[in-house]
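Architecture and fold: a report
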Amino acid sequence: RFEESIAEYAQVISEAEAALRAGAAKPPISLPTARLEYARVLSWARRYDEALVQLNLLLPEGQQPQPNDVNAMVEKARVLAWQRRYNDALSTYDRALVLDPADFDARLGKAQVLYWSGRSGQAGDLLRPLLQEQPDNSDATFMMASIERGRGHNGRALDLLDKIQGRSDAD
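Note that the structure is predicted; figures quoted are calculated from it, not measured.

Looking now at the overall build of the chain. Across its full length, the chain carries 9 helices and 0 strands. Overall, the chain shows an N-to-C arrangement of helices and strands of α-α-α-α-α-α-α-α-α. With respect to the three principal axes, the spread of C-alpha positions in the chain is 65 × 35 × 25 Å. Considering the chain as a whole, with its 171 residues, one finds that 41% of them fall into the buried category. The contacts in the chain between residues at least 6 apart in sequence include a share of 43% that link residues at least 24 apart. Summing over all exposed atoms, the chain offers an accessible surface of approximately 9900 Å²; the carbon and sulfur share of this is 47%.

Here's what the structure looks like:
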């Protein structure tokens, strides 16, 4: 029910902005958090350009990103990847990783973009340590299985897929 969620987030953001304009010291909700969640719902609804508008409000151009911007940067990189703007997505993931080199989602997202852009060797190099950290992560496991299959290691790929049974794309 994306459309309903989108409308509700737009309303919440509008109310928070109005409270700030009226001089409220603090809006009733965290405006950055609401904007990030709004951008997520927009992207899930495949309204990528609108999602990027919201994310760019959180990450103004020319402003030095801060460690608390990593989640917004990761979300922006995802949206760029879904738009197949792979180089932009990779550079956004790289900027997020400068701020937090250990961020799992940024490292996984970068590996996925590398794979989707035809650089499966580099993707595999990033995925191996991720799978050691989180061996039950189904996204990392599925991506590594795809890489192994592409390398002709069907047995390895099937072994990896066995770990994530029940996931429709793995089945």
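Turning next to the environment of Asp-171. Tracing the backbone through its elements, the reader meets Asp-171 in the segment after helix H9 (154-162). For Asp-171, a relative accessible area of 66% translates into the label exposed. Spatially, the C-alpha atoms of Asp-171 and Arg-85 are 29 Å apart, while their sequence positions differ by 86 residues.

Attention now moves to the confidence of the model for the chain. Of the residues in the chain, 100% have a pLDDT of 70 or more, and the chain-wide mean is 93. Across the chain, element-level confidence peaks in helix H4 (residues 70-82) with a mean pLDDT of 98 and bottoms out in helix H1 (residues 2-21) with 91.

At Arg-46, a position not held by glycine, the phi torsion is positive, near 65°. Along the chain, Arg-46 falls in the loop between helix H2 (31-44) and helix H3 (48-58). The backbone phi angle of Arg-84 is positive, close to 65°, even though this residue is not glycine. Positionally, Arg-84 belongs in the loop between H4 and helix H5 (86-99). Here Arg-84 falls in the exposed class, since its relative accessible area comes to 66%.

Now for a nonpolar patch on the surface. A cluster of nonpolar residues, Phe-2, Trp-44, Trp-82 and Trp-116, forms a patch on the protein surface that exposes about 430 Å² of accessible area. Looking at the secondary structure, you find Trp-44 in helix H2. A relative accessible area of 46% means that Trp-44 is categorised as partly exposed.

One pass over the full model with this rule turns up 2 aromatic pairs. Between Tyr-48 and Trp-82 the ring centres are 6.2 Å apart and the planes differ by 40°, which places this aromatic pair in the tilted class. On the criterion of sequence distance, the pair formed by Tyr-48 in helix H3 and Trp-82 in helix H4 is long-range, its members being 34 residues apart. Residue Tyr-48 is classed as buried on the basis of its relative accessible area, which comes to 18%.

This next bit is on the packing of H1 against H2. Contact pair H1 / H2: the axes reach a minimum separation of 9 Å and the direction vectors enclose 155°. The angle between the axes of H1 and H2 places the two elements in the roughly antiparallel class. By crossing handedness, the relation of H1 to H2 is classed as left-handed. Residues Phe-2, Ser-5, Ile-6, Tyr-9, Ala-10, Val-12, Ile-13, Ala-16, Glu-17 and Leu-20 of H1 pack against Leu-31, Ala-34, Arg-35, Glu-37, Tyr-38, Val-41, Leu-42 and Trp-44 of H2.

Since the α-helix packs 3.6 residues into each turn, any two residues three or four apart lie on the same face. Taking 1.5 Å per residue as the helical rise, H5 with its 14 residues ought to reach 20 Å, and the 20 Å between its terminal C-alpha atoms agrees with that figure. Among the residues making up H5, those that are buried are Tyr-86, Ala-89, Leu-90, Thr-92, Tyr-93, Ala-96 and Leu-97. Each buried residue of H5 lies within a common arc of 165° when the element is viewed along its axis, so the set occupies one face. H5 presents Asn-87 and Val-98 as exposed residues on the side facing more than 90 degrees away from its buried surface. Structurally, H5 contributes buried residues whose contacts are with H4 and helix H6 (104-116).

Reading the values: rules and limits
- Residues numbered from 1 in each chain as written.
- Predicted model: local features only at pLDDT ≥ 70, side-chain atom pairs only at ≥ 80, totals over all residues.
- Heavy atoms only, no water.
- Helix = DSSP H or I, 4+ residues; strand = E, 2+ residues; numbered from the N terminus.
- Buried < 20%, exposed > 50% of the residue type's maximum accessible area, 1.4 Å probe, protein only.
- Contact = heavy atoms within 4.5 Å.
- Areas by Shrake-Rupley, 256 points an atom, 1.4 Å probe, with all protein chains shown as cover.
- pLDDT = per-residue confidence, 0-100.
- Patch = residues over 30% accessible without salt bridge, like charges linked within 9 Å, V, L, I, M, F, W, Y side chains within 5 Å.
- Salt bridge = Lys/Arg side-chain N within 4 Å of Asp/Glu carboxyl O.
- Phe/Tyr/Trp six-rings, centres within 6.5 Å; stacked < 30°, edge-to-face > 60°.
- Axes fitted to C-alpha atoms, helices over the stretch in contact; angles between N-to-C directions.
- Parallel < 35°, antiparallel > 145°, perpendicular 65-115°, else oblique.
- Left-handed = near helix turned anticlockwise from the far one by under 90°.
- Expected span 1.5 Å × (residues − 1).
- Arc of directions from axis to C-beta.

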